[in-house]
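Residues per chain, in single letters:
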Amino acid sequence: MQREVMFAGFGGQGILLIGNILAHTAMEEGSEVAWVPSYGPEMRGGTAYCLVVISDKPIGSPIIKNPMHLVAMNRPSLEKFAPVIKPQGVVVINSSLIPVTSGRSDIHELLVPANDIAMDLGSTKVANIVALGAFVARSKIVDFECMRQCVKEQFASREKLIPINMAALDAGQKAAQSK
Amino acid sequence: MGKILMKGNEAIGEAAIRAGCLNYFAYPITPQSEVAEYLSRRMPEVGGVFLQGESEVAVGYMLFGAAGCGERVFTTSSSPGISLMSEAISYISAAELPVVFVNIVRGGPGLGGILPSQADYFQATKGGGHGDYHLLVMAPASVQEAVEMVMAAFPLAEKYRNPVMILGDGLIGQMMEPVEFSDRLISKPTNKDDWATNGMDTRKRNARNLVKSLFLDAVQLEEHNLALKAKYDRMKQEEVRYETYNIDSDFQALIVSYGTMSRVCKTAIDNMKAEGFETAMIRPQTLFPFPVQPIRQAASKDGCEAVISFELSMGQMVEDVERSVQGKRPVYWHGKAGGEIPTPEEVVDAVKSFVKTK
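Bear in mind the structure is a predicted one, so any value in this text is a computation, not a measurement.

### Here we look at the overall build of chain A
So, point 1. Counting its regular elements, chain A contains 6 helices and 6 strands.
So, point 2. Counting helices and strands in the order they occur from the N terminus, chain A gives β-α-β-β-β-α-β-β-α-α-α-α.
So, point 3. Principal-axis analysis of the C-alpha atoms gives chain A an extent of 40 × 40 × 35 Å.
So, point 4. Contacts spanning at least 24 positions in sequence make up 55% of the contacts within chain A whose residues lie at least 6 apart.
So, point 5. A total of about 7,800 Å² of accessible surface is found on chain A, and carbon and sulfur atoms cover 54% of it.
So, point 6. Averaging the coordinates of the 17 positive side-chain charges in chain A and doing the same for the 16 negative ones gives two points 4 Å apart.

### Some thoughts on the packing of aromatic side chains
So, point 1. For the coordinates displayed, the defined rule picks out 11 aromatic pairs over all chains.
So, point 2. Both rings, one in F7 of chain A and one in F135 of chain A, keep their centres 6.2 Å apart while their planes meet at 80°; by these two values the pair is edge-to-face. Placement of the pair is F7 of chain A in strand 1 (residues 2–10) and F135 of chain A in helix 4 (residues 127–139), with a sequence separation of 128 residues. Assigned by exposure class, F7 of chain A and F135 of chain A land together as buried.
So, point 3. Ring centres of Y61 of chain B and F64 of chain B lie 6.2 Å apart, and the angle between their planes is 45°; this geometry places the pair in the tilted category. Of this pair, Y61 of chain B and F64 of chain B both sit in helix 3 (residues 56–68), 3 residues apart, roughly one helical turn.
So, point 4. On the basis of relative accessible area, Y61 of chain B is assigned to the partly exposed category, the value being 30%.

### Overview of the sheet that holds strand 10 (residues 253–256) of chain B
All names here are of chain B.
So, point 1. Overall, mixed pairing links the 5 strands, which are arranged 9-11-10-13-14 in an open sheet. At either end of the open sheet lies a strand with only one pairing partner, and these are strand 9 (242–245) and strand 14 (331–335). Strand-to-strand twist in this sheet, taken as the mean axis angle between neighbours without regard to direction, amounts to 20°.
So, point 2. Pairing geometry for strand 13 (residues 306–311) and strand 14, over 5 bridges, is parallel. Within strand 14, the residue paired with F310 across the bridge is H334.

### Thoughts on the domain arrangement of chain B
All names here are of chain B.
So, point 1. Assigned domains of chain B: these are domain 1 (4–199 + 225–238) and domain 2 (242–354).
So, point 2. Computed from C-alpha atoms alone, the centre-to-centre distance between domain 1 and domain 2 is 27 Å.
So, point 3. Contacts between domain 1 and domain 2 engage 30 residues on the former and 24 residues on the latter.
So, point 4. Carbon and sulfur atoms supply 55% of the area buried between domain 1 and domain 2, which totals about 2,300 Å² over both sides.
So, point 5. In terms of surface lost to domain 2, no three residues of domain 1 exceed Q118, Y121 and F122, which account for 31% of the buried area on that side.
So, point 6. The interface formed by domain 1 and domain 2 holds 15 residue pairs in polar contact (both at pLDDT 80 or more) in total.

### Re the interface of chain A and chain B
So, point 1. In this complex, chain A contributes 19 residues to the contact, which on the side of chain B involves 23 residues.
So, point 2. At the boundary of chain A with chain B, total buried surface from both sides reaches about 1,800 Å², with 71% on carbon and sulfur atoms.
So, point 3. Looking at the side of chain A facing chain B, the largest losses of area belong to M27, W35 and Y39 of chain A, adding up to 37% of the total buried there.
So, point 4. Taken together, the connections running from chain A to chain B amount to 0 salt bridges.

### Focus on the environment of L22 of chain B
Residue and element names in this part refer to chain B.
So, point 1. One can find L22 in the loop between helix 1 (8–18) and strand 2 (23–26).
So, point 2. For L22, a relative accessible area of 30% corresponds to the partly exposed category.
So, point 3. Sequence separation of L22 and G47 is 25 residues, and the distance between their C-alpha atoms is 7.3 Å.

### Examining helix 6 (residues 162–177) of chain A
Residues and elements named next belong to chain A.
So, point 1. Here helix 6 contains 16 residues, and its C-alpha end-to-end distance of 23 Å stays within 8% of the 22 Å for a straight helix at 1.5 Å per residue.
So, point 2. Every buried residue belonging to helix 6 is among I162, N165, M166, A168, L169, A171, G172, A175 and A176, and all of these are buried.
So, point 3. Summarising the contacts, the buried residues of helix 6 are in contact with strand 6 (108–112), helix 3 (114–121), helix 4 and helix 5 (144–154).

### As for the packing of helix 1 of chain B against helix 6 (residues 143–160) of chain B
Packed helices, taken two at a time, are described by the angle between their axes plus the distance between the axes.
All names here are of chain B.
So, point 1. Axis separation between helix 1 and helix 6 bottoms out at 8 Å; the angle between their running directions is 30°. Comparing their axes, helix 6 and helix 1 come out roughly parallel. The two elements helix 1 and helix 6 cross, and the hand of that crossing is right-handed. Packed against helix 1, whose contacting residues are G8, A11, I12, A15, A16 and R18, the element helix 6 presents V143, A146, V147, V150, M151 and F154 at the interface.
So, point 2. Taken together, the residues of the contact of helix 1 with helix 6 sort by class into 10 nonpolar, 1 polar and 1 charged.

So, how was this worked out
Residues numbered from 1 in each chain as written. Chains lettered and ligands numbered in written order. Predicted model: local features only at pLDDT ≥ 70, side-chain atom pairs only at ≥ 80, totals over all residues. Heavy atoms only, no water. Helix = DSSP H or I, 4+ residues; strand = E, 2+ residues; numbered from the N terminus. Contact = heavy atoms within 4.5 Å. Areas by Shrake-Rupley, 256 points an atom, 1.4 Å probe, with all protein chains shown as cover. Lys, Arg positive; Asp, Glu negative; His and termini not counted. Charge placed at Lys NZ, Arg CZ, Asp CG, Glu CD. Phe/Tyr/Trp six-rings, centres within 6.5 Å; stacked < 30°, edge-to-face > 60°. Buried < 20%, exposed > 50% of the residue type's maximum accessible area, 1.4 Å probe, protein only. Pairing = 2+ DSSP bridges. Axes fitted to C-alpha atoms, helices over the stretch in contact; angles between N-to-C directions. Domains from an automatic or database assignment. Buried area = accessible area lost by both parts, 1.4 Å probe. Polar contact = N/O pair within 3.5 Å; in protein donor to acceptor, adjacent residues only side chain to side chain. Salt bridge = Lys/Arg side-chain N within 4 Å of Asp/Glu carboxyl O. Expected span 1.5 Å × (residues − 1). Parallel < 35°, antiparallel > 145°, perpendicular 65-115°, else oblique. Left-handed = near helix turned anticlockwise from the far one by under 90°. Nonpolar A, V, L, I, M, F, W, Y, C, P; charged D, E, K, R; others polar.

Here it is in structure tokens:
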């Protein structure tokens, strides 16, 4: 079975990083993975997105027109990608920055005020990790504990950042479960 | 060592180091600048050299010089940069020196765009520079295969004393996939004594080595070209590599595709199979030498109505496919060259439009 996740937002929101963490986690679990970034001629502060493909067999086309899931960190991303997500997909909406919803009734929509939660934790920089925690908790696409290890590895060279990122994952998980 | 998640460009840089190449000269250009970024840090760690040339023209001759001294050397660039190196590539081919070139192809012609493309097929396989020469050209379809091809490229370049080119595309360079590096160490070239201009002191035999590409005497130049031709003929005998997909089915259409495009075709073939429509693929892993015989043989199979070359170009490899099929079956082309990659659905539609009996 193949599953695809689109992560999208502004440049600087850590979009490519959370895609990387998910791909890394899925690889550690033994899945085939591909991480495909957008590298078109984007402006600084423009949109950034990446697609993570996770499969139990070698991945054919890494270019996917209709991904299964979406994590939208800003409004343009939601407007661009929500219409193409497959039915029954999980769509995480960063409701701190996005005042609208997807307008679709055939998907699992999850509103997470990622920036507000992150600010409460001490830094809006971890809003991406909050969203990732919420997405994985809801979609169960990878094992949450395995992902926790991968986040630790990701920040191994900046150890003092590990606690806040762990807290962000937990807060995201909590946000997903309370809905 | 287990699998690690790596960007194609970084994996290519690491693979060269693992292959024992400690000289990297380059000039940055999207979509492959991460190779230089990676090696600017990594080369000093392993005692190697990263030198940024003032242009790709300079880089071409830095490679020529280092290879002439018997050093393992490589570069990476993207389409316009390879055009600038093409003069040196012709000279290096003429001087019969082993150099590895990696072209992470972007859209052209001219400055074109920065998105994935396969529009440098002609340039890589039919010249680019002047004169009767060929590069041995390999085309990876995944990050892991890019690693394996880079590692294979150095011994091959030395075996033939000929430049080898890895023809990737922007997606192979930019995408992250799990990779595994074998611990196999590649030895230093053993035939260096026969050609390297590294001084008489270290050499076992007592003869002068000369690196040159100028043969003013007609007879000598003819002999030189015949020797080169014999080398290219030997590559055609010994180095053809390809992969088949669904080739044992009763396929109605044969797809020929390489690199990123071939992955889209694989998904399309799976989707068509699920509908009960059989198609097969031959994926050339070497573009020169081209898998002429395997394509001819597969195309001749009963029930095969069409042969289709899918490319991220306006139809280049299709000429080699036509040459392979020799009129035994109708040959078609389908592709895009702006940087967009056709979807599996688009491939399915194209295949069905070329096959008469549904």
